[in-house]
Amino acid sequence: MSISAEEIIDRRRMRRRITFWRISAFLLIAALIVAMAGAAGAFRAFGEKASDHIARVRISGFIDDDRKLRELLEELGKKKQVKAVLLEISSPGGSTVGGEATYEAVRKLAKTKPVVASVGTLAASAAYMIACASDQIVSRRSSIVGSIGVLFQYGDVSDLMDRLGVKVDAVKSAPLKAEPSPFHPATEEAKQMVGRIVMDSYDWFVDLVAECRKMDRTRVLALADGSIFTGAQGLANGLVDRLGGEETAKDWLTEAKGIDKDIKIVEWKPKRDDPSALSSTAGVPAIARLVAGDSEGALADRIVSKRLFLDGLVSVMQTSPIQSGNGTAK
């Protein structure tokens, strides 16, 4: 029996509908499985946080004035189930304001809970400042610590402006207003002004290390020339307490603070708002994770830590020499 053209078309339409619904059902089931797995992970994490544990907090990338991180540290101080806090630090430093704010938050937390810092790749400048706020600093032998100092950088594009034939004039209320300016070389008065604010923050940083590390100020000054040290050198110089990793940090909590050796370490993360990937640098981590599969945020850290605009003083380890036209103080 022959089949008409209309029947053939109807059968093909039916096959397409069946295929569509099969695919839709498969995707729906897959989505449900993923959702259930995520929910199971969330419930498991909730269960772990409901029992006694050590809270792990990661501090990495460029140190900025991170309100969400400070809120997390404050929250941990109030949690009865949190018996101690382990700061996992891997950062070259950042703004002095960010380092100071986080340092103060850790010091406040340390009044209620034992806090130990475990240094990963490095804890330099503002990151080392934060580590000093803990009760104990544990570092790998090959980790980098130190870089105690403060930096103020500014650009000088006056040569470029001359080549382009562009001149910028300004009417100011005083000679030091808006100085140093990128449109002309800095005057000696401007350099002296910047030097004063840099040295004020530097002296504060040195005193902070001397107090927290229980070291003579003269000894700290000998180390605070911007130098970096390996963990082993840091131990010899009094910048680090022990060599090792997370387990070593946990052992110290057991030995010195009486924390149960069998207690679990549970990770806590700041509660971040949904970042707008198009409106600010806050979206860089999300972009990196989506595009590059950067689950740990390493790519994002590299991008953010090299951003062009840094407001105020910074305490960050420099990986290349400072070119002429940049103000430095270490």
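On to the packing of aromatic side chains. On inspection of all chains with the given rule, the structure shows 1 aromatic pair. Summarising the aromatic geometry, the rings of phenylalanine 152 and tyrosine 154 are spaced 6.2 Å apart at their centres and angled 55° between planes, so their arrangement reads as tilted. The class for phenylalanine 152 is buried, based on a relative accessible area of 17%. Cation over ring: lysine 49 sits above tryptophan 268, and NZ or CZ is 4.2 Å from the ring centre.

The next subject is the pattern of salt bridges. Tallied over the full model, the rule gives 16 salt bridges. Between arginine 56 and glutamate 88 there is a salt bridge, and its shortest N-O distance comes to 3.8 Å. Placement of the pair is arginine 56 in strand β1 (residues 53-63) and glutamate 88 in strand β2 (residues 82-95), with a sequence separation of 32 residues. Given the relative accessible area of 13%, arginine 56 is considered buried. Given a relative accessible area of 24%, glutamate 88 falls into the partly exposed group. Three or more residues are tied together by salt bridges with common partners; here these are Arg56, Arg58, Glu88, Glu246 and Glu267.

Once that is clear, we can look at the environment of threonine 121. Relative to the helices and strands, threonine 121 is located in strand β3 (residues 115-124). If we ignore the near neighbours within four places in the chain, the residues touching threonine 121 are Ser90, Ser143 and Ile144.

Together, Val157, Leu160, Leu164, Val166, Val168 and Phe183 give the surface a local cluster of nonpolar side chains, amounting to about 510 Å² of exposed area. Here valine 166 shows up in the loop between α5 (158-164) and α6 (188-212).

With that settled, the discussion passes to the confidence of the model for the protein. Residues at a pLDDT of 70 or more form 78% of the protein, whose mean pLDDT is 82. For the stretch residues 276-311, pLDDT sits under 50, and the model shows 30 contacts to residues farther than four places along the chain or on other chains. For the stretch residues 320-330, pLDDT sits under 50, and the model shows 22 contacts to residues farther than four places along the chain or on other chains.

This paragraph deals with unusual backbone geometry. Residues other than glycine predominantly adopt negative phi, and peptide bonds predominantly adopt the trans conformation. At the junction of glutamate 179 and proline 180, the peptide bond is cis and its omega measures out at -5° in the coordinates. Unusually for a residue other than glycine, serine 125 sits at a positive phi of about 55°. Here serine 125 shows up in the loop between β3 and α4 (126-132). According to the relative accessible area criterion, serine 125 is buried, its value standing at 1%. The phi dihedral of alanine 178 is positive, around 60°, even though this residue is not glycine. Relative to the elements of secondary structure, alanine 178 occurs in the loop between α5 and α6.

For the rest of this paragraph, the subject is the environment of lysine 68. Summarising the element assignment, lysine 68 is placed in helix α2 (residues 67-78). Judged by relative accessible area, which is 19%, lysine 68 ranks as buried. Residues lysine 68 and lysine 269, spaced 201 residues apart in sequence, show a C-alpha to C-alpha distance of 9.2 Å. For lysine 68, the contacting residues outside a window of four places in its chain are Pro270, Lys271, Arg272 and Asp273.

Attention now moves to a positive patch on the surface. A contiguous patch of positive charge on the surface is contributed by Arg11, Arg12, Arg15, Arg16 and Arg17. Along the chain, arginine 16 turns up in helix α1 (residues 5-50). With a relative accessible area of 55%, arginine 16 lands in the exposed category.

Before going further, it helps to examine the nonpolar core. Ranked by internal contacts, the top residues of the largest apolar core, which has 53 residues, are Leu76, Val85, Leu87, Ile89, Tyr128 and Val209. Among the elements of the structure, β1, α2, β2, α3 (96-110), β3, α4, α6 and α7 (217-223) are those that each provide at least two residues to this core. A total of 10 residues in this core trace back to one element, the largest contributor, which is α6. In contact with valine 209, not counting residues within four places along its chain, are Tyr128, Cys132, Ile148, Lys214 and Val220. With 11 residues, the next largest nonpolar core counts Leu86, Val116, Leu253 and Ile263 among its residues.

Rules used throughout
- Residues numbered from 1 in each chain as written.
- Predicted model: local features only at pLDDT ≥ 70, side-chain atom pairs only at ≥ 80, totals over all residues.
- Heavy atoms only, no water.
- Phe/Tyr/Trp six-rings, centres within 6.5 Å; stacked < 30°, edge-to-face > 60°.
- Buried < 20%, exposed > 50% of the residue type's maximum accessible area, 1.4 Å probe, protein only.
- Lys NZ or Arg CZ within 6 Å of the ring centre and 35° of its normal.
- Salt bridge = Lys/Arg side-chain N within 4 Å of Asp/Glu carboxyl O.
- Helix = DSSP H or I, 4+ residues; strand = E, 2+ residues; numbered from the N terminus.
- Contact = heavy atoms within 4.5 Å.
- Patch = residues over 30% accessible without salt bridge, like charges linked within 9 Å, V, L, I, M, F, W, Y side chains within 5 Å.
- Areas by Shrake-Rupley, 256 points an atom, 1.4 Å probe, with all protein chains shown as cover.
- pLDDT = per-residue confidence, 0-100.
- Lys, Arg positive; Asp, Glu negative; His and termini not counted.
- Charge placed at Lys NZ, Arg CZ, Asp CG, Glu CD.
- Core = buried A, V, L, I, M, F, W, Y, C linked by side-chain atoms within 4.5 Å.

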